Amino acid sequence: MKRLPPLLAVLLGILPFAAAGAGATDDTGLLQVTAVIDVRSTVSDGDHDFDQLAALARQHGIEAIFVSDHDRLVLEYGLFPFRKIVKKREERPSVATVGAGEYLRRVRAAGERWPDVLFIPGVEAAPFYYWTGLPLVGDGLVAHQWERHLLVFGLDAEGLAGLPVLHNDHGSLRIDRQPPFLILFVLTGLIGVVALGWGGRFRLAGLLLLLFSLLLGQNDLRPGVSRFDQYHGEQGAAPWQECIDRVAAGGGLSFWNHPETNSGRRPLGPIRLDTPSYPEMLERNTGYTGFAAIYGDRTTTTEPGGLWDGLLLQYCRGERQRPPTAIAVADFHREGKDGEVLGNFATVLLAREKSGRALLDALSAGRAYALRGHGRDRDLLREFSVTAADGATAAIGGRLAVADSTPALIRAMVDHGGGDPHPIRLRLIRNGEVIAETDGVTPFRWQVTDRQRPPGAGFYRLEATGPRTRILANPVFVVPDD
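Residues numbered from 1 in each chain as written. Predicted model: local features only at pLDDT ≥ 70, side-chain atom pairs only at ≥ 80, totals over all residues. Heavy atoms only, no water.

(A) Layout of unusual backbone geometry. The amide bond that connects Thr442 to the next residue, Pro443, takes the cis arrangement and shows omega of -5 degrees. Of note in the backbone geometry, His167 takes a positive phi value of approximately 75 degrees without being a glycine. Topologically, His167 is positioned in the loop between helix 5 (157-161) and strand 10 (173-175). Owing to a relative accessible area of 13%, His167 belongs among the buried residues under this scheme. The phi torsion at Asp331 lies on the positive side, around 45 degrees, for a residue other than glycine. Position of Asp331 among the secondary structure elements: in the loop between strand 16 (325-328) and strand 17 (345-351). Asp331 sits in the partly exposed class, given a relative accessible area of 38%. (Helix = DSSP H or I, 4+ residues; strand = E, 2+ residues; numbered from the N terminus. Buried < 20%, exposed > 50% of the residue type's maximum accessible area, 1.4 Å probe, protein only.)

(B) Main features of a negative patch on the surface. Together, Asp390, Asp404, Asp481 and Asp482 line one region of the surface with negative charge. Relative to the helices and strands, Asp390 is located in the loop between strand 19 (380-387) and strand 20 (393-395). (Patch = residues over 30% accessible without salt bridge, like charges linked within 9 Å, V, L, I, M, F, W, Y side chains within 5 Å. Areas by Shrake-Rupley, 256 points an atom, 1.4 Å probe, with all protein chains shown as cover. Salt bridge = Lys/Arg side-chain N within 4 Å of Asp/Glu carboxyl O. Lys, Arg positive; Asp, Glu negative; His and termini not counted. Charge placed at Lys NZ, Arg CZ, Asp CG, Glu CD.)

(C) Focus on the sheet that holds strand 7 (residues 130-134). Read across the sheet, 4 strands follow the order 7-8-14-13 without closing on themselves; strand pairing throughout is mixed. Each having just a single partner strand, strand 7 and strand 13 (265-268) make up the two edges of the open sheet. For this sheet, the mean angle separating the axes of adjacent strands, direction not counted, is 25 degrees. Pairing between strand 13 and strand 14 (residues 271-274): 4 bridges, direction antiparallel. Residue Pro267 lies in a different strand from strand 14, and its bridge partner there is Arg272. (Pairing = 2+ DSSP bridges. Axes fitted to C-alpha atoms, helices over the stretch in contact; angles between N-to-C directions.)

(D) Looking closely at the packing of aromatic side chains. Scanning all chains against the criterion turns up 13 aromatic pairs. A ring pair is formed by Tyr129 and Trp131, whose centres lie 5.7 Å apart and whose planes are at 90 degrees; its orientation type is edge-to-face. Pair check on accessibility: Tyr129 and Trp131 agree, each one buried. Through a chain of ring-to-ring contacts, three or more aromatic side chains come together here, namely Phe128, Tyr130, Phe228, Trp240, Trp256 and Tyr278. (Phe/Tyr/Trp six-rings, centres within 6.5 Å; stacked < 30°, edge-to-face > 60°.)

(E) Local environment of helix 4 (residues 100-113). When the terminal C-alpha atoms of helix 4 are compared, their 20 Å separation across 14 residues agrees well with the 20 Å that a helix rising 1.5 Å per residue should span. Residues Ala100, Tyr103, Leu104, Val107, Ala109 and Ala110 constitute the buried set of helix 4. In this structure, the buried residues of helix 4 make contact with helix 2 (50-60), strand 3 (64-70), helix 3 (95-98), strand 6 (118-125) and helix 5. (Expected span 1.5 Å × (residues − 1). Contact = heavy atoms within 4.5 Å.)

In structure tokens, the structure reads:
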């Protein structure tokens, strides 16, 4: 085992030791429920129906599946100036094509057929994209930001149907933000009416002007929930904030999906998609529940002192309303795709009971850790807790009130699940800085006494890595005892 320099070891009070495996609960008595988040079904672009997904979950030791079929898969381009009339629209199967109510009914029915596997329904939402270029000219049409996705859970059928995303016609009529064309619509209509009144050879011109005016008016009026369209260029963070706010108002949870994706720039038939990675959206938007921290791409947002730690410090300073919860997302479409199986990317939830509502509550509170593993052999974080001098303890997603300068005792335990013992490396991070790290062999316990804890609100979080493992524990917050 790698040891720290003697002086640092004395200051931190490191005490590593081995231990036997734990049970199905952590040291707080909460259930550890292994879930896979971001799973597609045949409702949209997945290859497995709900019964097949449940069978795979049983096979791989998964207790809950967060289904996130696409809310709608639509790209639409219209020719100027009659974009709503002369247009090309491509739409593929999604929750919108079967209906939100029917989608939720199918998920509930699957849960009734497979009572040992929890199904939590949600969607992957694409609130906005915009076009540049022209068809058959130069580089052609490019759809920007189409793959800036949000995962949404915890909404009812009305909430899902009313998400403010492009091409969601569930809502009242809106007037597009095109004042020049609205003026042109009014002027041509008035001139047409006057020409009709003149009669004679002006009647035909008046009819043509009225027809033109009506076409312009139809083009500027549209049904929809979102206040944006795809023809007015970059809109900053606003389209996604609109969706996040609507989800929160409906009591749901929203997560930024794959913010450092490497697959958002590629050809798609006669057009191109251009969605560069977007970790900056985690800082530009507020009120979302969390973000994908572990998935198939390499990520940097969770590096010590990186973006996630910066957001957590903002929360500690009262500059952000909630701390972003880190989750693992599977982007699961088919068993064996790219060599992956259901459960290689999992989120373990610390829940009060095994129910859909309890799992959503755990996610909302940050009582979760994200992991990358290999089937049933995935490692498990049996304990990560912070204890004050008076004996009060808080675990993942909790808050602990302590007096300034009081030492904190941090405990961690990593078990090797169904696999063989193997090397593991742990890092303890306080307020974005690695304050201790050690190597061991699973099952492995680690104990640190932090005697140099700075005053004020802060947090501890834990990372564990091994030859087949990566674990990210959500933080334990330490706040001043007033």
